[in-house]
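Listed here are the chains, written in short residue letters.
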Amino acid sequence: MKNRRPTSLQIFNLRYDVIWQEELPHGLNDAYGLCHPALPALIFYMPQPTQMLVDTVLHEIIHAINRHYACDATDSMTDEQIATRIASGILTVRLQNPKFWSWWLELLEEIK
């Protein structure tokens, strides 16, 4: 892989630190990533298989997008409204972070 792991990511108006930790915190046995909007930071626990990492990274970005749009499971938004926000958010994050997406696409190529 030519690109190094990212250290930050622009998500709308916030710059998130990207933190790579070598072990899961006690009590989070099934979490491989965490979106921490108060810092703001995306935290990824390593090692994890590449296929899982590709999914985890996208999963945590979607959490950040949901927080930006103030979407949560109790909202009265329709499925269509939520899908529109997530799609727009992913596209915006993609356009704001071309190097990050090059890195992510390289990971994706590894699992083909």
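Above this text is the structure in question.
The paragraphs below set out a description of the structure included in this document. All of these numbers come straight from a predicted model, not from anything done at the bench. (Residues numbered from 1 in each chain as written. Predicted model: local features only at pLDDT ≥ 70, side-chain atom pairs only at ≥ 80, totals over all residues. Heavy atoms only, no water.)

## Thoughts on unusual backbone geometry
- The peptide bond linking Leu-39 to Pro-40 adopts the cis configuration, its omega dihedral lying at -20°.
- The residue Pro-40 is located in the loop between strand E3 (33-36) and strand E4 (41-45) in this model.
- That bond from Met-46 to Pro-47 is cis: its omega, -5°, falls within 30 degrees of zero.
- Tracing the backbone shows Pro-47 in the loop between E4 and helix H1 (50-68).
- For Phe-12, which is not glycine, the phi dihedral falls at a positive 55°.
- Within the secondary structure, Phe-12 sits in the loop between strand E1 (8-11) and strand E2 (14-21). (Helix = DSSP H or I, 4+ residues; strand = E, 2+ residues; numbered from the N terminus.)

## So, the sheet that holds E4
- Taking strand neighbours across the sheet as the criterion, the four strands line up as E1-E2-E4-E3 in an open arrangement whose pairing is mixed. Because the sheet does not close on itself, it has two edges, and the strands there are E1 and E3. In this sheet, neighbouring strand axes are inclined to one another by 20° on average, regardless of whether the strands run parallel or antiparallel.
- Bridge analysis of E3 against E4 gives four bridges, and the strand direction is antiparallel. Among the inter-strand pairings, Gly-33 is bridged to a residue of E4, identified as Phe-44.
- Most of the contacts of H1 go to E3, to which it runs at about 20°, and overall it touches E1, E2, E3 and E4. (Pairing = 2+ DSSP bridges. Axes fitted to C-alpha atoms, helices over the stretch in contact; angles between N-to-C directions. Contact = heavy atoms within 4.5 Å.)

Fair warning: the whole summary comes from geometry, so function is off the table for now.
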